[in-house]
Amino acid sequence: MSVTLTAKRDLARETDAGLFEIHIREGDPAARDVLVDRFMPFARKLALRYIHSREPLDDLVQVAYIGLLNAIERFDPEQGKKFTTFAAPTILGELKRYFRDKGWMVHVPRDLQERALAVSRNADRLSAELARSPTVDELAEALDCTLEQAMEAIEAAENYQLTSLDAPVAHEDEESSALAEMLGQEDDGFELAEERQTLAANWAMLSELERQVLALRLLHGLTQRQISRRIGYSQMHVSRLLRRSMQSLNGSAEPAERAA
């Protein structure tokens, strides 16, 4: 059995305070590893708060792990706080920073990100106070920055919280669909436009008499008997004209029929 495994087994019997004392006094990596193993369930529990986000759970746990490491390195037992009380804000801060950085469409410097978020917060506050949208000058004054810096922050904010249309909207085991598949609806106008083109081409192939018969039947609502009286043909002939012209419009009439 390796020395490292033996050391970890011995350290596992130590209390939290004892482990931190060893880690701080001796810089023992084995003590740090035992602390990580001991408090990783706590970090995972914090990561689970964001399980309904679009981010994979494994990625969230990894971010929480980084936050836990930072908390272990910064913790001072002499301040009298429980480690979990100290670590929770550090781990949650790491998770929130992860989501904030993931929300930017393009890479933006951290200070500019902070300023852009401050612009959004102050814009909401000033809108409520002034009962109108604040000017850039008023935003710059609220942020205690120059006019150019305020305008730069406003422009940077436009790159925030954009989502890819290919992004899945379900989480892990759930059946997922791309965001694009859930937006909008099928436009029947495209199919209608294609049908109009087909009808126009077939309409041009009809004789003048066929067009007249169709117009009287479909546009004016006349019966076959009324049409036969109007154009001077028998009702049977009108019926044949209607059937043949409708087949021609639908593109189903045989060439010989159309010629007739």
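Numbering of residues starts from 1 in every chain and runs along the sequence as written. Local features are withheld for residues below a pLDDT of 70 in this predicted model, meaning they are given only at 70 or higher, and side-chain atom pairs are given and counted only at 80 or more; totals for whole chains, interfaces and linings count all residues. For side-chain calculations, the full set of non-hydrogen atoms in the structure is used, while hydrogens and water are omitted.

### As for the overall build of the chain
Line of reasoning, step 1. A tally of helices and strands in the chain yields 13 helices and zero strands.
Line of reasoning, step 2. When the helices and strands of the chain are placed in sequence order, the string is α-α-α-α-α-α-α-α-α-α-α-α-α.
Line of reasoning, step 3. For the chain, buried positions account for 33% of its 260 residues.
Line of reasoning, step 4. Contacts were defined at the residue level, with two residues in contact if any of their heavy atoms lie within 4.5 Å. A fraction of 48% describes how many contacts in the chain between residues 6 or more apart in sequence connect residues 24 or more apart.
Line of reasoning, step 5. Put simply, the chain shows about 17,400 Å² of open surface, and 51% of that area lies on carbon and sulfur atoms. Strands are runs of DSSP state E lasting at least 2 residues, helices are runs of H or I lasting at least 4, and numbering of each runs from the N terminus. Only protein chains enter the accessibility calculation, which uses a 1.4 Å probe. A residue is then buried if its area is under 20% of the maximum for its type, exposed if over 50%, and partly exposed in between. Only the protein chains shown count as cover for residues, and the accessible areas themselves come from Shrake-Rupley with a 1.4 Å probe.

### A look at a nonpolar patch on the surface
Line of reasoning, step 1. Patches here are clusters of residues that have more than 30% relative accessible area and form no salt bridge, with a 9 Å joining cutoff for like charges and a 5 Å cutoff for nonpolar side chains (Val, Leu, Ile, Met, Phe, Trp, Tyr). Between Lys or Arg on one side and Asp or Glu on the other, a salt bridge is scored when a side-chain nitrogen of the former is within 4 Å of a carboxyl oxygen of the latter. A surface patch of nonpolar side chains, amounting to about 230 Å² of accessible area, comprises Val136, Leu147 and Met151.
Line of reasoning, step 2. Considering the arrangement of structural elements, one finds Met151 in helix H8 (residues 147-157).
Line of reasoning, step 3. The exposure class of Met151 is partly exposed, given its relative accessible area of 47%.

### Details of the nonpolar core
Line of reasoning, step 1. Here, nonpolar core means buried Ala, Val, Leu, Ile, Met, Phe, Trp, Tyr and Cys residues that are tied together by side-chain atoms lying within 4.5 Å of each other. Membership of the largest hydrophobic core comes to 29 residues, with the highest contact counts inside it found for Phe20, Leu68, Ile72, Phe83 and Ile91.
Line of reasoning, step 2. Element by element, the count of residues in this core is highest for helix H3 (residues 29-47), at nine residues.
Line of reasoning, step 3. Apart from residues lying up to four places away in sequence, Ile91 is in contact with Phe42, Ala43, Leu46, Ala64, Gly67 and Leu68.

### A look at unusual backbone geometry
Line of reasoning, step 1. For Ala131, which is not glycine, the phi dihedral falls at a positive 60 degrees.
Line of reasoning, step 2. Along the chain, Ala131 turns up in the loop between helix H6 (110-130) and helix H7 (136-143).
Line of reasoning, step 3. Relative accessible area serves as the criterion here: at 69%, Ala131 is assigned to the exposed category.
Line of reasoning, step 4. For Asp144, which is not glycine, the phi torsion reads 60 degrees and is therefore positive.
Line of reasoning, step 5. Mapped onto the elements of the fold, Asp144 is located in the loop between H7 and H8.

### Here we look at the packing of helix H2 (residues 16-26) against H3
Line of reasoning, step 1. Note on geometry: axes are C-alpha line fits, over the in-contact stretch for helices, and angles between N-to-C directions span 0 to 180 degrees. Put simply, H2 and H3 touch, their axes get as near as 9 Å, and they point 145 degrees apart. The hand of the H2/H3 crossing is left-handed. Contacts between H2 and H3 involve Asp16, Leu19, Phe20, Ile22 and His23 from the former and Ala31, Arg32, Val34, Leu35, Arg38 and Phe39 from the latter.
Line of reasoning, step 2. Charged means Asp, Glu, Lys or Arg here, nonpolar means Ala, Val, Leu, Ile, Met, Phe, Trp, Tyr, Cys or Pro, and polar covers whatever is left, Gly included. Residues that form the contact of H2 with H3 fall into these classes: seven nonpolar, one polar and three charged. Note on convention: near helix rotated counterclockwise from far helix by under a right angle means a left-handed crossing. Clockwise means right-handed.

### Structural notes on the confidence of the model for the chain
Line of reasoning, step 1. Confidence of the prediction at every residue is given by pLDDT, a number between 0 and 100. Of all residues in the chain, 71% have pLDDT values of 70 or greater, and the mean over the chain is 75.
Line of reasoning, step 2. Of all secondary-structure elements in the chain, the lowest mean pLDDT belongs to helix H13 (residues 255-259), at 44, while helix H11 (residues 224-231) reaches the highest, 90.

### A short note on the environment of Leu57
Line of reasoning, step 1. Mapped onto the fold, Leu57 is located in helix H4 (residues 57-74).
Line of reasoning, step 2. On the accessibility criterion, Leu57 (10% relative accessible area) is buried.
Line of reasoning, step 3. Taking the C-alpha atoms as reference points, Leu57 and Arg44, separated by 13 residues in sequence, lie 9.4 Å from one another.

### Topic: H11
Line of reasoning, step 1. Within the span of H11, buried status applies to Ile227, Ser228 and Ile231. Along the axis of H11, the buried positions cluster into a sector of 100 degrees, meaning they face one direction only. In H11, the exposed residues that point more than 90 degrees away from the buried face are Arg225, Arg229 and Arg230.
Line of reasoning, step 2. The secondary structure elements touched by the buried residues of H11 are helix H10 (208-219) and helix H12 (235-249).
Line of reasoning, step 3. Of the residues trailing H11, Gly232 is marked for its positive phi of about 85 degrees. By arc we mean the arc of the directions from the helix axis to the C-beta atoms, nothing more.

### Comments concerning the pattern of salt bridges
Pairing of side chains with opposite charge becomes possible as their charged atoms draw close.
Line of reasoning, step 1. All told, the structure shown has five salt bridges when counted by the stated rule.
Line of reasoning, step 2. One salt bridge connects Arg97 with Glu94, and the closest N-O pair in it is separated by 3.0 Å. Taken together, the positions of Arg97 and Glu94, both in helix H5 (residues 83-102) and three residues apart, correspond to about one turn of that helix.
Line of reasoning, step 3. Two residues, Glu129 and Arg125, come together in a salt bridge whose shortest N-O distance is 3.2 Å. Taken as a pair, Glu129 and Arg125 lie in helix H6 at a separation of four residues, close to a single helical turn.
Line of reasoning, step 4. Judged by relative accessible area, Glu129 falls into the exposed class, the value being 53%.

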